[in-house]
Amino acid sequence: MALKDITLGQYFPGNSPLHRMDPRTKILGITLYIVALFMAKSFVSYGFLFAVLAALIRISRVPVKSIVRGLKPVVFILVFTALLNIFYTPGEHVLLRIWVLTVTLEGVRTAFFMVVRIMMLIAGTFLLTYTTSPILLTDGIENLLSPLKKLRVPVHELAMMMSIALRFIPTLIEETDKIMSAQRARGADFETGNLIQRAKALIPLLVPLFISAFRRADELAVAMECRCYHGGEGRTRLRQLKYRTLDWVTLTLALVMCAVVFILGKFGL
């Protein structure tokens, strides 16, 4: 897996209907989509949700290969999850026995649905970050959590930290790639040996990477102080969030989607 395969936090500028949508609508929409994923119980339900995801990707005009590439870093998690469900899910229909391990039809079915659920969940989340700039994402999260301000929860600061963390993921990945390239030019080897040897070879990356991360954090703090940043109190915004017809229609369709999956579940579909 190459570092360039990690695309979390990247933003693809565009003018699609999904890009123009209010960030609050997209956050609520992906939340409802995740809820629907956990309610799905059969091939029909997952097929319906996959069709919804495919339609959203088509509307967003985000390259499919970017989303597929973003799934590569979680291949190990997917395989590990599938194996756990295959070998440790009890059932009546035994397909195979290997020593103390038993493979059942119910285990294979559960593993398949679990892997598909994780993949669709990650793809949907990527679609949110791909079509929403970090600034709009921060404003949307802060607006949705604004009722918590009455409980003295630092909503603006929390939203800002989440946005900065998400924004700096691609930056740190790029910095790591530069450090690895520089050390390869000096004879470092990161690709040969067993898993433990390759992990030990990555240790020399940590010191320069931490130094770079702290330097960037310090520069960001100085820049914010120079611009008199003091939190959300009295802060104005260049773009005021406002729901439009497209947003109301999208939220309505998201609720309908959840209702459809719930009804399909009641009928065992």
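Residues numbered from 1 in each chain as written. Predicted model: local features only at pLDDT ≥ 70, side-chain atom pairs only at ≥ 80, totals over all residues. Heavy atoms only, no water.

Draft legend 1. A look at the nonpolar core. If you look at the biggest cluster of nonpolar residues, it comprises 35 residues, and the most contacted ones within it are Tyr33, Leu49, Ile67 and Met120. Every residue in contact with Met120, bar those within four places of it in the chain, is listed here: Tyr33, Leu37, Tyr46, Leu49, Phe50 and Leu53. Counting residues in hydrophobic clusters, the runner-up holds five residues, among them Ile179, Met180, Phe190 and Ala201. (Core = buried A, V, L, I, M, F, W, Y, C linked by side-chain atoms within 4.5 Å. Buried < 20%, exposed > 50% of the residue type's maximum accessible area, 1.4 Å probe, protein only. Contact = heavy atoms within 4.5 Å.)

Draft legend 2. Region of interest: helix α5 (residues 75-88). Taking 1.5 Å of rise per residue, the 14 residues of α5 would be expected to cover 20 Å, and the 20 Å separating its terminal C-alpha atoms lies within 8% of that figure. Of all the residues in α5, the buried ones are Leu78, Thr81, Ala82 and Asn85. Take α5 and look down its axis: the buried residues cluster within an arc of 100 degrees, on one side only. Facing away from the buried side of α5, by more than 90 degrees, are the exposed residues Phe76 and Tyr88. The elements touched by buried residues of α5 are α6 (105-131). (Helix = DSSP H or I, 4+ residues; strand = E, 2+ residues; numbered from the N terminus. Expected span 1.5 Å × (residues − 1). Arc of directions from axis to C-beta.)

Draft legend 3. Summary view of the packing of aromatic side chains. Scanning the entire structure with this criterion turns up nine aromatic pairs. When the ring of Phe76 is compared with that of Phe80, the centres are 6.2 Å apart and the planes differ by 15 degrees; the resulting orientation is stacked. Here Phe80 and Phe76 lie together in helix α5, a separation of four residues that amounts to about one turn. Residue classification places Phe80 among the partly exposed positions, given a relative accessible area of 46%. Among the aromatic residues, those joined into a ring-pair cluster are Phe43, Tyr46, Phe112 and Phe113. The ring of Tyr243 carries the charged tip of Arg24 above its face, separated from the ring centre by 4.1 Å. (Phe/Tyr/Trp six-rings, centres within 6.5 Å; stacked < 30°, edge-to-face > 60°. Lys NZ or Arg CZ within 6 Å of the ring centre and 35° of its normal.)

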